[in-house]
Amino acid sequence: MPLNFKKIENKWQKIWKEEQFFKTRDEGKNKKNFMLLTEFPYPSGNLHIGHWYAFAVPDIFARYLRMNNKNVMYPIGFDAFGLPAENAAIKRGINPRKWTEKNISFMTKQLNNMGAAFDWNRKVSTIDPEYYKWTQWIFLQMFKKNLAYRTKTFVNWCPKDKTVLANEQVVNGRCERCGALVVQKEFEQWMLRITKYADRLIDDIEKLDWPETTKLAQKNWIGRSQGINFKEKVKDLNIEFEVYDSIPQTFLAQTFTVIAPEHPLVEKLIIGTEYEKPVREFVEKIKQKKAADKFEIEKESEGIFTGRYVDNPFGTGDFPIWVASYVVADYGTGIVNCSAHDERDFAFAKKYDIPLKIAMLPSDKIMAEKVKNFEECYLDPNGILQKPAEVRGMNWTEARKPVIEYIENKGFGKRTTHYRLRDWVISRQRYWGVPIPVIHCEKCGYVPVPEKNLPVELPKLKDFLPTGEGKSPLAKAKKWVDVDCPKCKGKARRETDTMDTFVDSSWYFIRYTDPKNKNKFADRKKMKKWLPVPLYIGGAEHNTMHLLYSRFFTKVLYDLKLAHFNEPFVSRRNHGTILGPDGQKMSKSKGNVIDPDAEVKKYGADSVRMYLAFMGPYDQGGPWQFTGITGISRFLQRVFNISKNLSDKTDREIEKTLHQIIKKVGEDIESLRFNTAISGLMIFLNKAEKNSINKKTFEDFLKLLAPFAPHLSEEIWKTNLNNKKSIHIQPWPKYSNKMIAEENFELVIQINGKVRDKILAKKGVNQEQAEKLAVKSSKIKNIIAGRNIKKTIFVPDRLINIIL
């Protein structure tokens, strides 16, 4: 009879819920605590197959740890504020809270259908005032230490979503979420001083057990580089500026200066001159090309002369100042001195007939002549410096330190460290977010809301549409906005911006340790029992935002003596992506979206989660195959069938295979190689069906299967095998090294030192036995026919070398 997987799963999910089977206690008797963390979901309204991959597959590891005497916390929550919910609510004409809470309710049911060992008693939701009270409290601690501040700054503005975006939320000049072209606007904004932690964020990442790709992504985003800041003056204007150079060895070859089209200095250089109109037109043209996605910064270089010159302090002639399309405004100072020893600068100078100089040559004379004649750009770590005289003859690499010292001694510039990282703009001009707990008083300035008055709750608004003028919809809540100043008691106004939702998710893992605490964001003793997180599993898309911000928050809390650890996640593993059956990214337009609810209805949750674990390496993912999930469903049916047909004894070969897969499955799960672990289970079942297997051996096999197919395993364990206590609290089986030792080995046969054959032999054969086996081989017989064996060299359990 085909199994009714859904009926079995409903039965055990109901029992586990009633028994609060997965409720985590802060201390397990003689058990070590282990928080297995996965990224809490955004309540979009429906679980997709990616959610299953993110939560159901790590659940295998959580259950395995529990069976290995760990006190496991597998928490769950919802990252519930944000633009998608607000935009969806606007579209439907309902309040974002109503929309979000409805989605949370529905997705909770879907998550329960996975059969994952979530501890729902520790659920957190970022829209819960009891949660965001502590988000606001942490902000105030930063405010007290001048790590949170308000300033006027140019920001990324999304004209479609009508809000500010952090640099990390802009991809190729467009809003990461909606794809609209981002424009620069100047606003008063709340910022977090993440740049103060730039060095620690780079240096401390080395000791973490994280993927190298994630480490590199963070290093590149922080973008630390060391070089020289040249202080320079615009000729005939009372304007000074700095130019950053990360490779100053060839500074004496510099002949012109380029500035980014978006740089605010451009306007000051051209105003009131004949160049004003053409330069403005050029700047607008470049902006439009970037807006239309028709500009490739690496391939194209366009420019226009500003009519201005740098009063060059090096004594090598003044530098004409050009606006150049390839200069990036937010790297370094947005202004660059250029030379013949940079490919883009070289091409730009050739295009616009700007004079060039050289300061370095190759040792090869023919090549050197080409460089001298400016036939090609030359930059090589082994290039020989020609000037200044103090470093002449040194190669480019070894000249770096003395050149920097020369520049400093001459007073041309100072060594400095530059960062790509900018302070984090957290102000959002939208309704659905955490209110910033600050009050503005004309007399006292920005005053923190007293901690006793937290949380500052989000007011109910009928009209929460964004204004498009840079003001938050909260400005419309007059009764909420107008308050007395906590300091002078005069008239004041609440801050109406809300926080970037990445603030909410930067500390949620801490709240899991003490989610019901009304007096602290988390009790220190409870934090010590669980944190830092030993393993965090999530998507690679969070390499530079969520992971970086969580590290920043943790370091701040550590410095404030509010946390005992300065890195949040000891180990990090990124999961792959599930593709459609056509191998393409899933999308409704392609018609290749897999609905997990439909698959669960057809095959059951155990089949879905087990197939997801089997379809490929977890860090890679792969395409969904309908034949694959059918095969898993059949496999589970076969497991059930064999549980009804057990023998009184187990064949020795089966016993031996069991011990081999106990070792393999355990090691594979610990390395998150779930697919190869399942292969081991399949190998065992294939053999078990052809041989006799008793209850004890089958029970050990079933324990190995339990983390993968928790419902069916529990059903067989309790109903078919009549065990009283759950299979999920049984100890993980132990293997015998003696049993897993191979009885046979591959005997390598050499003739005069050359490998001629390989045959199977029993372990422990002596030299005489090995020689008899070797000469029986047909290959060896043909070689030694008619010749004498002079001697044999024998290495036990490895090889025999016959000398003819």
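Look above for the structure.
Residues numbered from 1 in each chain as written. Predicted model: local features only at pLDDT ≥ 70, side-chain atom pairs only at ≥ 80, totals over all residues. Heavy atoms only, no water.

S.K.: Help me understand the overall build of the chain, please; the structure alone is not making it clear to me.
M.R.: If you tally the helices and strands in the chain, you get 27 helices and 33 strands. With respect to the principal axes defined by its C-alpha atoms, the chain has extents near 100 × 85 × 50 Å. Put simply, 72% of the contacts in the chain that link residues at least 6 apart link residues at least 24 apart. In the form shown here, the chain has an accessible surface area of approximately 37,500 Å², with 49% of it arising from carbon and sulfur atoms. Here the chain carries 134 positive and 98 negative side-chain charges, and the mean point of each set is 6 Å from the other. (Helix = DSSP H or I, 4+ residues; strand = E, 2+ residues; numbered from the N terminus. Contact = heavy atoms within 4.5 Å. Areas by Shrake-Rupley, 256 points an atom, 1.4 Å probe, with all protein chains shown as cover. Lys, Arg positive; Asp, Glu negative; His and termini not counted. Charge placed at Lys NZ, Arg CZ, Asp CG, Glu CD.)

S.K.: Honestly, the packing of helix α21 (residues 652–670) against helix α22 (residues 674–690) in this entry has me stumped. Any pointers?
M.R.: Helix-helix packing is characterised by the crossing angle of the two axes and by the distance between the axes. In the contact formed by α21 and α22, the axes pass within 8 Å of each other and the chain directions differ by 170 degrees. When the axis of α21 is compared with that of α22, the two are roughly antiparallel. Contact with α21, carried on its side by E653, I654, T657, L658, I661, K664, V665, D668 and I669, involves F674, T676, A677, G680, L681, F684, K687 and A688 of α22 and no other residues of that element. (Axes fitted to C-alpha atoms, helices over the stretch in contact; angles between N-to-C directions. Parallel < 35°, antiparallel > 145°, perpendicular 65-115°, else oblique.)

S.K.: How should the packing of helix α20 (residues 626–643) against helix α23 (residues 695–705) be read in this particular structure?
M.R.: In contact at an axis separation of 11 Å, α20 and α23 are set at 155 degrees when each is read in the N-to-C sense. The orientation of α20 with respect to α23, classified from their angle, is roughly antiparallel. Classified by chirality, the crossing of α23 by α20 is left-handed. Note on element contacts: α23 touches α20 through F698, F701, L702 and L705, opposite F635, L636, V639, I642 and S643. Partitioning the contact of α20 with α23 into residue classes produces eight nonpolar, one polar and no charged. (Left-handed = near helix turned anticlockwise from the far one by under 90°. Nonpolar A, V, L, I, M, F, W, Y, C, P; charged D, E, K, R; others polar.)

S.K.: Looking at this model, I keep getting lost on the sheet that holds strand β31 (residues 754–762). Mind explaining?
M.R.: Sheets are built from strands that pair by backbone hydrogen bonding, the pairs being arranged parallel or antiparallel. In spatial order, the strands read β31-β30-β33-β32; together these four strands make up an open sheet with mixed pairing. Looking at which strands have only one partner, the edges of the open sheet turn out to be β31 and β32 (791–795). The mean inter-strand angle of the sheet, taken between neighbouring strand axes irrespective of direction, is 20 degrees. Inspection of the sheet shows strand β30 (residues 744–751) paired to strand β33 (residues 799–803) by four bridges, in the parallel sense. Along β33, the bridge assignment pairs V748 with L799. Across the sheet, helix α26 (residues 767–776) touches β30, β31, β32 and β33, and the angle it forms with β33 is around 70 degrees. (Pairing = 2+ DSSP bridges.)

S.K.: I tried to follow the sheet that holds strand β13 (residues 303–310) on my own but got confused; where do I start?
M.R.: Spatial ordering of the open sheet is given by β13-β14-β12-β15, a layout of four strands whose pairing is mixed. At either margin of the open sheet sits one strand with a lone partner, and together these are β13 and β15 (335–338). With direction set aside, neighbouring strand axes in the sheet form an average angle of 30 degrees. Across four bridges, strand β12 (residues 256–259) lies against β15 in antiparallel orientation. By the bridge assignment for β15, I259 is matched with I335. In the packing of helix α10 (residues 343–351) onto the sheet, contacts are made with β12, β13, β14 (319–324) and β15, and the angle to β12 comes to roughly 105 degrees.

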